[in-house]
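# Per-entry structural report
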Amino acid sequence: MIRKPIITVMGQVDSGKTSLLDCIRGTAMAQKEVGGITQYIGSTEISTRVIEKIAGKLIQKFGFELKIPGLLFIDTPGHEAFTNLRKRGGSIADLAILVVDIQKGLQQQTIESIEILKTYKTPFIVAANKIDLISGWVKTKGSFTENVPQQNEDSIQELDKKIYELVGQLHSLNFVSERFDRVRDYTKEVAIIPASAKFFEGIPEVLLFLAGLSQKYLGKKLNIYESENAKGTVLEVKEEKGFGKTIDTILYEGKLSVGDEIAIGGKNGVILTKIRALLEPTQPEELRSSKEKFKNTKEVFAAAGAKIAAPHLEDALAGSPLRINSNQAVKEIEEEIQRVKIDTENTGPILKADALGSLEALIKLLEAKRIRVRKADVGNVSRHDIIQAQAVKEKDSTKGVVFAFHTKINEDAANEAKKNGVKIFEGNIIYDLIEKYFDWMEIEKEQEKSRLLKRLVLPSKIFVMPNHVFRHSKPAIVGIRIEQGTLKTDVQLMKNGKIIGKVNEIQLDGKSIEEAKKTMEVAVSISGATVGKNINEKDELYSFIPKKHLEELGKMKDFFKEEELELLEKIKELEKRELEAKK
């Protein structure tokens, strides 16, 4: 028996993720096929009959023979929903649609989506949305393949230009891609499908390629057996009137029945409970005769979504595995929870989230950026979390922080953080939190760099500008441009490794300043220097850095850009040569 592939939709905010999903559902519903579209909890099934009806001509053109029963789309698009579609070693999502605004190409959140998909080893196709905004594009509902001949040459060229910009961006992320009808090997190339969710264009191609590719390349992964024990994941924990706490689940193996004893992850360990009711949403065509939001069902087969009503679900965790109760199942769930929850001695941030999936995604995204996590757990931010972050902060001010994703901060924790200056990054969008953290880290590093480097001589390279000699000696006053680094007062300058004098004062627009940075043009007074004797116009001068300062700067490489490190090495070499020459 072959199950339906599970499909998720990801991409940048405003790229049209929700619109594309609505468009797919709307296109399917428009076929008025009995049983053609079925609403499940958290997901929508589109049958193969409907796909064949929508993409009939394309099936013949591309040589697909559809044997799968349909496609199961996860209703909530985006990172957060995807990260809760988790299982050991990857995701229960078989394929993803990466929605890209063709006018803007890959943006930050799109790249984050790709990183998450790569981490979870989930293959994807690209829906290059908003082709209707291409100048002169004739907007026609239906197949992109059939609509292309109607377009003028300029519009087609503009589309190709945008597609190949996208191909280049994907290549920079190590993905080979091509427009879907030019792909030679779908196992090695990412298919890009031009689409317009607003005008329902390209939807036949999206549906066909999701169905065809999943059937052709996922193979045995889609095979299921009714006798198999149920396996699923908890998407969301919800309060429902008349049922109390319920869990929305996606089942990807086996079947679930009313009365089954199940095991799921909870905040304080594994929860064992018996299914009291299995609920499905009332279908659109049934709403005329029923005002009920849900209807009862005795059993659910993979792949499908279901709402479970059962006792003891108050502490259930979104993103946790769901299994039929057994010693092995309990052990698996315990291991999975412990694998995600972290408690180490690393010099790194404290992570708190409302779901295992979100927690895991945060860990993976930070580790991909070489940030090691100190602690990761589900629940509110506590005072103890702040105290732990404070201990990290004493070792590294940029790592002693707390992430609060989709979770609350206890009052005593907020007070402790304020008292000790511990930074808390709070929000409901994973990539937004990560971006805010790295932006803050850059500012913090600069401030820390300023504090630490204030007492040290910094590397600098300066150029003596022609026609800017204001005084030849006692002291020499000349106009200079900072080519690289930072020049401070009371710093000795050297030419070809030899010290020529000391900077007494730096002036910008007639006012004294303590330091001058790269590209600034300033006047400097240099005691010990004589223009025409040991310095001249167009000379390149370097700051002389005492040995002790060089050693300290060498330990602080993280604070410097690549070109500053290269300048530091150059100064070391000049000083070394001069020292050897004196011997």
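These figures come from a predicted structure and were not determined experimentally. (Residues numbered from 1 in each chain as written. Predicted model: local features only at pLDDT ≥ 70, side-chain atom pairs only at ≥ 80, totals over all residues. Heavy atoms only, no water.)

In this structure the tally under the stated criterion is 13 aromatic pairs. Each ring, one from phenylalanine 62 and one from phenylalanine 180, has its centre 5.9 Å from the other, and the planes form 50 degrees; the classification is tilted. Of this pair, phenylalanine 62 sits in helix H3 (residues 56–62) while phenylalanine 180 sits in the loop between strand E9 (177–179) and strand E10 (190–194), and the two are 118 residues apart along the sequence. Among the residues examined, phenylalanine 62 registers a relative accessible area of 22% and is labelled partly exposed. Of the residues examined, phenylalanine 180 reaches a relative accessible area of 0% and is grouped as buried. Judged by centre distance (5.3 Å) and plane angle (75 degrees), the rings of phenylalanine 180 and phenylalanine 209 are edge-to-face. With phenylalanine 180 in the loop between E9 and E10 and phenylalanine 209 in helix H8 (residues 203–218), this pair connects stretches of sequence that are 29 residues apart. Its relative accessible area of 0% is what places phenylalanine 209 among the buried residues. Taken together through their ring pairs, the aromatic side chains of Phe62, Trp137, Phe144, Phe180, Tyr186 and Phe209 make up a single cluster. (Phe/Tyr/Trp six-rings, centres within 6.5 Å; stacked < 30°, edge-to-face > 60°. Helix = DSSP H or I, 4+ residues; strand = E, 2+ residues; numbered from the N terminus. Buried < 20%, exposed > 50% of the residue type's maximum accessible area, 1.4 Å probe, protein only.)

On to the sheet that holds strand E19 (residues 304–309). Taken together, eight strands build an open sheet; the order of strands is E15-E14-E20-E11-E12-E19-E16-E17 and the sheet is antiparallel. Only two strands of the sheet have a single neighbouring strand rather than two, namely strand E15 (269–274) and strand E17 (294–297). In this sheet, neighbouring strand axes are inclined to one another by 40 degrees on average, regardless of whether the strands run parallel or antiparallel. Bridge analysis of strand E11 (residues 231–240) against strand E12 (residues 244–253) gives nine bridges, and the strand direction is antiparallel. Each residue of the ladder has a partner; that of valine 237, found in E12, is isoleucine 247. Strands strand E14 (261–266), E15 and strand E20 (321–324) of the sheet are contacted by helix H9 (residues 327–340), whose axis makes an angle of about 170 degrees with E20. (Pairing = 2+ DSSP bridges. Axes fitted to C-alpha atoms, helices over the stretch in contact; angles between N-to-C directions. Contact = heavy atoms within 4.5 Å.)

Let's shift gears to the layout of surface pockets. Roughly 540 Å³ of internal volume is contained in the second largest pocket. Lining the second largest pocket we find 19 residues, and of these Lys449, Leu458, Thr486, Glu515 and Lys517 sit closest to its centre. Only helix H13 (430–453), strand E27 (476–488), strand E31 (515–517) and helix H15 (562–582) provide two or more residues apiece to the lining of the second largest pocket. Of all the elements, H13 adds the most residues to the lining of the second largest pocket, at four residues. Residues belonging to the lining of the second largest pocket are distributed by class as follows: four nonpolar, four polar and eleven charged. (1 Å grid on protein atoms, 1.4 Å probe; cavity = no way out; pocket = protein on both sides within 12 Å on 5 of 7 lines; lining within 4 Å. Points joined across faces, edges and corners; volume = space filled by probe spheres on them. Nonpolar A, V, L, I, M, F, W, Y, C, P; charged D, E, K, R; others polar.)

Further remarks concern the packing of helix H10 (residues 356–368) against H13. Contact pair H10 / H13: the axes reach a minimum separation of 11 Å and the direction vectors enclose 35 degrees. Two packed elements cross with a definite hand, and for H10 against H13 that hand is right-handed. Where H10 approaches H13, its residues Ser358, Ala361, Leu362, Leu365 and Leu366 are matched on the opposing element by Ile430, Ile434, Tyr437 and Phe438. Taken together, the residues that form the contact of H10 with H13 break down as eight nonpolar, one polar and no charged. (Left-handed = near helix turned anticlockwise from the far one by under 90°.)

As a packed pair, helix H11 (residues 383–395) and helix H12 (residues 411–420) sit with axes 8 Å apart at the nearest point and diverge in direction by 20 degrees. Here H11 is positioned roughly parallel relative to H12, judged by the angle of their axes. Seen along the crossing, H11 lies across H12 with a hand that is right-handed. For the pair H11 and H12, contact is made by Arg383, Ile386, Ile387, Gln390 and Lys393 and by Asp412, Ala413, Glu416, Ala417 and Asn420, respectively. When grouped by side-chain class, the residues that make up the contact of H11 with H12 number four nonpolar, two polar and four charged. (Parallel < 35°, antiparallel > 145°, perpendicular 65-115°, else oblique.)

Time to look at the environment of leucine 71. Residue position: leucine 71 is located in strand E4 (residues 70–74). Ignoring any residue separated from it by four or fewer positions in sequence, one finds leucine 71 in contact with Lys4, Pro5, Ile7, Thr44, Glu45, Ile46, Ile51, Leu207, Leu210, Ala211 and Ser214.

To continue, consider the sheet that holds strand E25 (residues 423–427). On the basis of which strands lie adjacent, the open sheet formed by five strands has the order E21-E23-E22-E24-E25 and mixed pairing. Each edge of the open sheet carries a strand with a single partner, namely strand E21 (342–343) and E25. One ladder, built from four bridges, connects strand E22 (residues 350–353) with strand E24 (residues 401–405); its direction is parallel. The residue bridging lysine 352 from the neighbouring strand is alanine 404, located in E24.

Turning our attention to a negative patch on the surface. On the surface, a cluster of negative charge is made up of Glu435, Asp439, Glu442 and Glu446. Take aspartate 439: it is sitting in helix H13. The class for aspartate 439 is partly exposed, based on a relative accessible area of 45%. (Patch = residues over 30% accessible without salt bridge, like charges linked within 9 Å, V, L, I, M, F, W, Y side chains within 5 Å. Areas by Shrake-Rupley, 256 points an atom, 1.4 Å probe, with all protein chains shown as cover. Salt bridge = Lys/Arg side-chain N within 4 Å of Asp/Glu carboxyl O. Lys, Arg positive; Asp, Glu negative; His and termini not counted. Charge placed at Lys NZ, Arg CZ, Asp CG, Glu CD.)

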